[in-house]
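An overview of the molecular structure
Next come the chains, spelled out residue by residue.
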Amino acid sequence: MILIDGKKTAADIKAEIAAEVEQMLSQGMRRPHLAAILVGDDGASQTYVNNKVKACEVCGFRSTLIRLDASTSQDELLEHIQRLNHDPEVDGFIVQLPLPKHINEQAVIEAIDPSKDVDGFHPVNVGRMSIGLPCFLPATPAGIMELLKRYNVPTRGKRCVVLGRSNIVGKPMAMLMMQKGNPGDATVTVCHSATENLKEIAREADILIAALGQPGFVTEDMVKEGATVIDVGTTRVPDASRKSGFRLSGDVDFEHVAPKCAFISPVPGGVGPMTIVSLMLNTLKAGKNRV
Ligand code: L34
């Protein structure tokens, strides 16, 4: 069993990005600049956005964090987005999800200029990805593709099963795994809450990608011997023995599943850090496109 170390891989890539930024600066280009909008005070979102700001520092990027109160109206948020769309000093920006219930997420995503949409959530980028055109790839699926590539996990002709059909992970993940190339060229099945015989389907997977947000959902009996298992779940589970009062739980029962795997990614330290580094790669690309 080989442990897929997302934390180390992300650190390696950040060092590669930092070196590239130094080169850009020496050529008279300016630092890539990422802005992030965080609405409200959800604990997990704050952690993720803080990690993004820290990653910008490591990469040598400029970053701007815009914190808005949970009561911010949709119109106010759209005004911030318009300002960032038109700010020539901002290369790319994100609006951290989820948003408070009174705000329409889709309207917000569609307001972002696709050329600054470093989350890759705008329909223009989603459409371009689906037909293999240059675009910003969504960070979590892109990070998983990078892990499969760097660990030389065979994907061509392999059976890939994706658990979950969200717009930000499941759907784009399936799309990338079926596309031509390496990693890619896989035969993909997507399972969701209405899937019949999910266990049997999961057991056929050479590559199993769990993105449901249900702690411990993937048990030993759902995994084929020698499979590669990628755990996307990061759910905060109450844990009185921790100072924070919670621990992070993946969608995979790691302890019992890991011994059966060729490769497995842990939580934390697997996909999460790669999500952040993919955002850094998109920001680097946006910065280069803009100069
Ligand atoms: N707009 N919203 C937008 N873009 C995104 O790409 C995200 N996502 C998801 C939630 N909402 C978003 C993230 O940033 C999930 N996500 C994310 C980012 C980072 C981490 C996990 C999820 C992460 O850093 N995980 C660490 C542990 C962090 C902790 O201590 O809680 C890990 O090792 O898994």
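Whatever comes next refers back to the structure up there.
Residues numbered from 1 in each chain as written. Predicted model: local features only at pLDDT ≥ 70, side-chain atom pairs only at ≥ 80, totals over all residues. Heavy atoms only, no water.

**What to know about the overall build of the protein chain**
- Looking only at helices and strands, the protein chain features ten helices and eleven strands.
- Over its C-alpha atoms the protein chain spans a radius of gyration of 19 Å, differing by no more than 12% from the 19 Å that the globule rule assigns to 291 residues.
- Dimensions along the principal axes, computed over C-alpha positions, put the protein chain at roughly 50 × 40 × 35 Å.
- Taking all 291 residues of the protein chain together, 46% fall into the buried category.
- Pairs at least 24 apart in sequence give 70% of the contacts found in the protein chain among residues at least 6 apart.
- Taken as a whole, the protein chain presents about 13600 Å² of accessible surface, with 52% of it coming from carbon and sulfur.
- Here the protein chain carries 32 positive and 34 negative side-chain charges, and the mean point of each set is 4 Å from the other. (Helix = DSSP H or I, 4+ residues; strand = E, 2+ residues; numbered from the N terminus. Rg over C-alpha atoms; globule rule 2.2 N^0.38 Å. Buried < 20%, exposed > 50% of the residue type's maximum accessible area, 1.4 Å probe, protein only. Contact = heavy atoms within 4.5 Å. Areas by Shrake-Rupley, 256 points an atom, 1.4 Å probe, with all protein chains shown as cover. Lys, Arg positive; Asp, Glu negative; His and termini not counted. Charge placed at Lys NZ, Arg CZ, Asp CG, Glu CD.)

**Concerning the site of the ligand**
- The environment of the ligand is formed by 17 residues, the closest being Lys-52, Val-95, Leu-97, Asp-119 and Gly-269.
- Between the ligand and the protein, one listed contact pairs a nitrogen atom with a backbone N or O atom of Leu-97 at 2.9 Å.
- Within the side chain of Asp-119, an N or O atom sits 2.7 Å from a nitrogen atom of the ligand.
- Isolated, the ligand exposes 680 Å² of accessible area, and the fraction of that covered by the protein chains is 83%.
- Given that more than half its atoms are within 2 Å of the pocket grid, the ligand belongs to the largest pocket.
- Looking at the shell around the ligand residue by residue, the class counts come to eight nonpolar, seven polar and two charged. (Near = heavy atom within 4 Å. Polar contact = N/O pair within 3.5 Å; in protein donor to acceptor, adjacent residues only side chain to side chain. 1 Å grid on protein atoms, 1.4 Å probe; cavity = no way out; pocket = protein on both sides within 12 Å on 5 of 7 lines; lining within 4 Å. Sits in = over half its atoms within 2 Å of the grid points. Nonpolar A, V, L, I, M, F, W, Y, C, P; charged D, E, K, R; others polar.)

**Quick look at the packing of helix α1 (residues 6-26) against helix α10 (residues 271-290)**
- In the contact formed by α1 and α10, the axes pass within 9 Å of each other and the chain directions differ by 15°. Taken together, the axes of α1 and α10 are roughly parallel relative to one another. Two packed elements cross with a definite hand, and for α1 against α10 that hand is left-handed. Contacts between α1 and α10 involve Gly-6, Lys-7, Thr-9, Ala-10, Ile-13, Lys-14, Ile-17, Glu-20, Val-21 and Met-24 on the former and, on the latter, Pro-273, Met-274, Val-277, Met-280, Leu-281, Leu-284 and Lys-288.
- A per-class count over the contact of α1 with α10 returns eleven nonpolar, two polar and four charged. (Axes fitted to C-alpha atoms, helices over the stretch in contact; angles between N-to-C directions. Parallel < 35°, antiparallel > 145°, perpendicular 65-115°, else oblique. Left-handed = near helix turned anticlockwise from the far one by under 90°.)

**With respect to the side chain of Ser-45**
- Relative to the helices and strands, Ser-45 is located in helix α2 (residues 43-59).
- Residue Ser-45 is classed as buried on the basis of its relative accessible area, which comes to 3%.
- Excluding anything up to four places from it in sequence, Ser-45 contacts Leu-38, Gln-96, Leu-97 and Pro-98.

**Looking at the pattern of salt bridges**
- A full pass over the atoms with the stated rule returns 13 salt bridges.
- The salt bridge involving Arg-203 is made with Glu-200; its shortest N-O contact spans 3.9 Å. Residue Arg-203 and its partner Glu-200 are located together in helix α8 (residues 198-203), separated by three residues, close to a single helical turn.
- Judged by its relative accessible area of 40%, Glu-200 falls in the partly exposed class.
- The shortest N-O distance in the salt bridge between Lys-224 and Asp-206 comes to 2.7 Å. One end of the pair, Lys-224, is in the loop between β7 (207-210) and β8 (228-231); the other, Asp-206, is in the loop between α8 and β7, and 18 residues separate them in sequence.
- Residue class for Lys-224 comes out partly exposed when judged on its relative accessible area of 31%. (Salt bridge = Lys/Arg side-chain N within 4 Å of Asp/Glu carboxyl O.)

**Regarding the packing of α1 against α2**
- One can describe the packing of α1 onto α2 by two numbers: an axis separation of 8 Å at closest approach and a directional angle of 50°. Judged on the interaxial angle alone, α2 and α1 are oblique. Of the residues in α2, those touching α1 at Lys-14, Ile-17, Ala-18 and Val-21 are Ala-55, Val-58 and Cys-59.
- Split by residue class, the contact of α1 with α2 holds six nonpolar, no polar and one charged.

**What about the environment of Gly-181?**
- Positionally, Gly-181 belongs in the loop between α7 (170-178) and β6 (187-191).
- In this structure the C-alpha to C-alpha distance between Gly-181 and Thr-155, which are 26 residues apart in sequence, comes to 9.3 Å.

**Structural notes on the pairing of strand β3 (residues 62-68)**
- Both strand β2 (residues 33-39) and β3 contribute to a ladder of seven bridges, which runs parallel. Within the sheet, the bridge partner assigned to Ala-36 lies in β3 and is Leu-65.
- The handedness of the β2 to β3 crossover, carried by α2, is right-handed. (Pairing = 2+ DSSP bridges. Right-handed = clockwise from strand over helix to strand, strands pointing away.)

**Quick notes on the sheet that holds β2**
- The parallel open sheet is built from three strands, whose spatial order is β3-β2-β4. Of all the strands in the sheet, the pair left with one neighbour each is β3 and β4 (92-95). On average, each strand axis in the sheet is inclined to that of its neighbour by 15°, with strand direction left out of account.

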